[in-house]
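Survey of secondary and tertiary structure
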Amino acid sequence: MATISSTLENTRGERRFFSVMAAAIVVTALAGFARTYFLRPLLPVLTPAPLALTPLIHLHGLLFTGWVLLLLVQVRLVAAKRIARHRQLGMAGAAMAGLMVVVGTLTALYGVERGVAPFGIDPRRFLIVPLFAILLFAIFVVAGVRARRDPQSHKRLMLLATIALLPPAIARWVLLLGLGPPVVFAVATLFLVPIVARDLKTRRRVHPVTLWGGLLLVVSGPLRLALAQTDGWLVLSNWMVGLVR
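I will try to describe carefully the structure that is included in this document. As the structure is a prediction and not an experimental result, all values here were calculated from the model. Residue numbering note: each chain is counted from 1, following its sequence as written. Where local features are concerned, this predicted model is filtered to residues with pLDDT of at least 70; where side-chain atom pairs are given and counted, the filter is 80 or more; whole-chain, interface and lining totals use all residues. To obtain the side-chain values, all non-hydrogen atoms of the structure were used and water was disregarded.

This part takes up the nonpolar core. Here, nonpolar core refers to any group of buried Ala, Val, Leu, Ile, Met, Phe, Trp, Tyr and Cys residues whose side-chain atoms link them within 4.5 Å. The cut-offs for exposure are 20% and 50% of the maximum accessible area for each residue type, with area from a 1.4 Å probe on protein chains only; residues under the lower value are buried, those over the upper are exposed, and the others partly exposed. Counting residues in each nonpolar core, the largest one holds 41 residues, and the members touching the most others are Ile 25, Trp 67, Phe 137, Leu 159, Ile 163 and Leu 217. A run of DSSP states H or I qualifies as a helix once it reaches four residues; a run of E qualifies as a strand once it reaches two. Both are numbered from the N-terminal end. Here this core takes seven residues from helix 1 (residues 2-38), the largest share from any one element. In what follows, residue pairs with any heavy atoms lying within 4.5 Å of each other are defined as contacts. With sequence-adjacent residues up to four places away left out, Leu 159 is seen in contact with Phe 18, Met 21, Ile 25, Leu 71 and Ile 195. Counting residues in hydrophobic clusters, the runner-up holds 14 residues, among them Ala 108, Val 129, Phe 185 and Val 241.

This is the structure in structure tokens:
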């Protein structure tokens, strides 16, 4: 009886944990883009001379906002034991993810043309930051879909995929404080801490997905910043931007 009770408590605790993580991600995304997108018409003083919101940016916003909201819905469906509906939405989510990769890539490339980059960084060099995020997102989602019959791996991979998209939202506030991209990546990786702590508490070890996926996210930040400074990346960036001109 004690074992059954302990198992049920762990299951309820796990559902609460992933629900809280998903909610925290939603709040971070909405708060991050509130000033420059969601509440932009209401906060003109805080956004002097803003860049125009093109149809592509609106589509990008719709898809990426929809993804974080879908994550929360999916987690709550599992918590409510509505697995059939979870799987149905998962198929739609996989299609959405594919569209996000295309739209996200195009938005990043056109961002170079629009001069989108913080602190006067050359937009061609900064391009590696969003493109690498999209690459990580795609890797985690594909792995998550493949691991859909392994719930423990699947839920962690989908969480990591969404965490990979958080730096732009975090940057909207971090950069206001005059802090650079390294701080943005550092703050984003803090979302990994609760997952590691949860693994250690419930499993006595870090789940392989948390370990290797987390390390990939942590290493990707400094790696992007280093590669951005190379001549090779500048050549590749110029070539990619030329494709959409």
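Examined against the element boundaries, Glu 113 turns out to sit in helix 3 (residues 83-113). A relative accessible area of 43% places Glu 113 in the partly exposed class. Placed 49 residues apart in sequence, Glu 113 and Thr 162 show a C-alpha to C-alpha distance of 26 Å. Not counting chain neighbours up to four residues away, the residues in contact with Glu 113 comprise Val 241 and Arg 245.

What follows deals with the packing of helix 5 (residues 128-146) against helix 10 (residues 208-228). Axes, fitted as lines to C-alpha atoms, cover a helix only where it is in contact. Angles between the N-to-C directions of the axes lie from 0 to 180 degrees. Where helix 5 meets helix 10, the axes come as close as 10 Å, and the angle between the chain directions of the two elements is 155°. When the axis of helix 5 is compared with that of helix 10, the two are roughly antiparallel. Crossing angle aside, the handedness with which helix 5 passes helix 10 is right-handed. Facing helix 5, whose interface residues are Ile 128, Val 129, Phe 132, Ala 133, Leu 136 and Phe 140, helix 10 presents Gly 213, Leu 216, Leu 217, Ser 220, Leu 223, Arg 224, Leu 227 and Ala 228. Each residue belonging to the contact of helix 5 with helix 10 can be placed in one class, and the counts come to eleven nonpolar, two polar and one charged. Here is the rule for angles: anything less than 35 degrees is roughly parallel, anything more than 145 is roughly antiparallel, 65 through 115 is roughly perpendicular, and the remaining ranges are oblique. Each crossing is labelled by how the near helix is turned from the far one, with a counterclockwise turn of less than a right angle marking it left-handed and a clockwise turn marking it right-handed. Note on residue categories: nonpolar means Ala, Val, Leu, Ile, Met, Phe, Trp, Tyr, Cys or Pro, charged means Asp, Glu, Lys or Arg, and polar means any other residue, Gly included.

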